[in-house]
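# Results of the structural survey
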Amino acid sequence: MKDNVAEEHLYLAFSHQYRDSIFPLHTSISLFLLSYCDCKLFKVFLVPTGEDVGDQCVTKNLAGDLEVHLISRCQLPVVVQSCSLPAVVVKDDKFCRAGLSVVLRHIIQKTFEADPSKKDLLELLGFKKTCLKACAEVSQWTRLCEISIPLAVERFLTASPEHCQAIPPDILLFERKLGEPVRVHNDDKIRRQKLQQQKAGAKAAVPVLGGEATEELKPGEVHGHPPSSLELNVAFSKLLAQEAPDAINREAPDIRRTKTSDLPLLDHVFAEGLYFTVADLVLLPCIHQFLVSSKKQGKSLVDLPLISSWYRRVQEVPGVKKAAGKCNMELLQLPELMSAPKEQLQDSTSVPDELEEDNEDSHFIGGPRPTMTKLM
């Protein structure tokens, strides 16, 4: 890495601070990722959306050990003034990266370039490094993570008590997606080994990883999860850059002869499916605020069991609790969530019609063929 790399400035909007998060939530998400990556390559500026805010309420509890500067919108570079924050621009340059997903992906890539040993950070970008790469206009998933859920949580937190009784439709949509079967690249092998595990009734060991990989997982990192979960062990193996040896993983003949269509489907482990990605880091600050507010209001989360499990599982990822500590986020524990008194909440199995009306292109997936069909 060259020493004379141009300094990059990161501009984040700042409207107010609420409990342990900064609003808009896009700013909390960006600061959380910086803390998770332990990235100090960017000079961070907060841009108040309203009247000027005093330095003391920002620099003390906002971003942990990150140095933050306050500037007014009129002090922004000209190229940034017309953009929606967050935005990144190279000092004295005219090229600007704007939008949450673009900025987050850039932070990850720059951190890896500065320290190539952090291969786990590059894994946050997912298969072929395409996680949240498609813009929200063509990707329903990017739109849900980047726009819909942050806005839904912000509205939920600012709504009057009588108007925030129901779970936001976008939260219900995320709950439903966590219940969908997982499809990942080259999952045939994993599904065959899941079938073999099911037939053998294995509960203590996972053949796909072998004993060596299982032992390398630190107890504190996967504490609380059954070791018999094939998907969870595969996910953490990927996260810790461990590769399963092929020689000892040959399936039984009857397993190899099983048709792909007859293989068991994989369960959701993280937001995008099997592996921990930047999408989880985007959703965690948002879901955290929603759960904290729900707990404060005495609401039960019995209708969101998958989100509750996901929230607990993400906390066990190495580095998440440390990053949360830097951002003064007091992560909740699942027993605390489930102990809240029961209330009648919306059924999570169906997404209300309002969500479909707000997103008229919600079924549009993108890609060359469906794009041409839509244009025709």
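Residues numbered from 1 in each chain as written. Predicted model: local features only at pLDDT ≥ 70, side-chain atom pairs only at ≥ 80, totals over all residues. Heavy atoms only, no water.

The name given to the protein in an unreviewed UniProt entry is GSTCD protein, with the source organism recorded as Nicator chloris.

Look at any regular strand and the pattern is simple: side chains alternate between the two faces of the sheet. Within strand 4 (residues 42–48), 6 of the 7 residues are buried, leaving the element largely enclosed by the surrounding structure. With 7 bridges joining them, strand 1 (residues 8–14) and strand 4 adopt parallel strand pairing. Looking across to strand 4, one finds that Tyr 11 is bridged to Phe 45. Pairing analysis gives 3 bridges linking strand 4 to strand 5 (residues 68–70), with the strands arranged parallel. Bridging from a neighbouring strand, Val 44 pairs with Val 68 of strand 5. (Buried < 20%, exposed > 50% of the residue type's maximum accessible area, 1.4 Å probe, protein only. Helix = DSSP H or I, 4+ residues; strand = E, 2+ residues; numbered from the N terminus. Pairing = 2+ DSSP bridges.)

Let us look at the sheet that holds strand 5. Taken together, the 5 strands give an open sheet; going across it, the order is 5-4-1-6-7, and neighbouring strands pair in mixed fashion. Of all the strands in the sheet, just strand 5 and strand 7 (96–98) have a single pairing partner and so form its edges. The average angle at which neighbouring strand axes cross in this sheet is 25°, direction not considered. Relative to strand 7, strand 6 (residues 87–90) runs antiparallel, the two sharing 3 bridges. If you follow Ala 87 over to strand 7, its bridge partner there is Ala 98. On the sheet, helix 1 (residues 25–37) packs against strand 1 and strand 4 and is oriented at approximately 140° with respect to strand 1. The strands touched by helix 4 (residues 100–114) are strand 1, strand 4, strand 6 and strand 7; relative to strand 7, the strand with the most contacts, the crossing angle is about 120°. (Axes fitted to C-alpha atoms, helices over the stretch in contact; angles between N-to-C directions. Contact = heavy atoms within 4.5 Å.)

Enumeration over the complete set of coordinates arrives at 5 aromatic pairs. Ring geometry for Phe 174 and Trp 310: centres 5.4 Å apart, planes at 90°, overall edge-to-face. A residue pair is termed long-range when its members are at least 10 positions apart, and Phe 174 in helix 7 (residues 169–178) and Trp 310 in helix 13 (residues 305–315) qualify at 136 residues. Trp 310 carries the same exposure label as Phe 174, and that label is buried. Plain terms: the ring middles of Phe 270 and Phe 276 are 5.3 Å apart, the flat faces sit at 75° to each other, and that makes the pair edge-to-face. Across the pair, Phe 276 and Phe 270 agree in class, each one buried. (Phe/Tyr/Trp six-rings, centres within 6.5 Å; stacked < 30°, edge-to-face > 60°.)

Formed by 76 residues in total, the largest nonpolar core has its most connected members in Tyr 36, Phe 174 and Trp 310. With 11 residues, the top contributor of residues to this core is helix 12 (residues 278–296). Ignoring anything within four residues of it in the chain, the contact list for Trp 310 reads Phe 174, Leu 178, Val 269, Phe 270, Ala 271, Asp 280, Leu 283, Leu 284 and Ile 287. With 12 residues, the next largest nonpolar core counts Tyr 11, Leu 76, Val 89 and Cys 96 among its residues. (Core = buried A, V, L, I, M, F, W, Y, C linked by side-chain atoms within 4.5 Å.)

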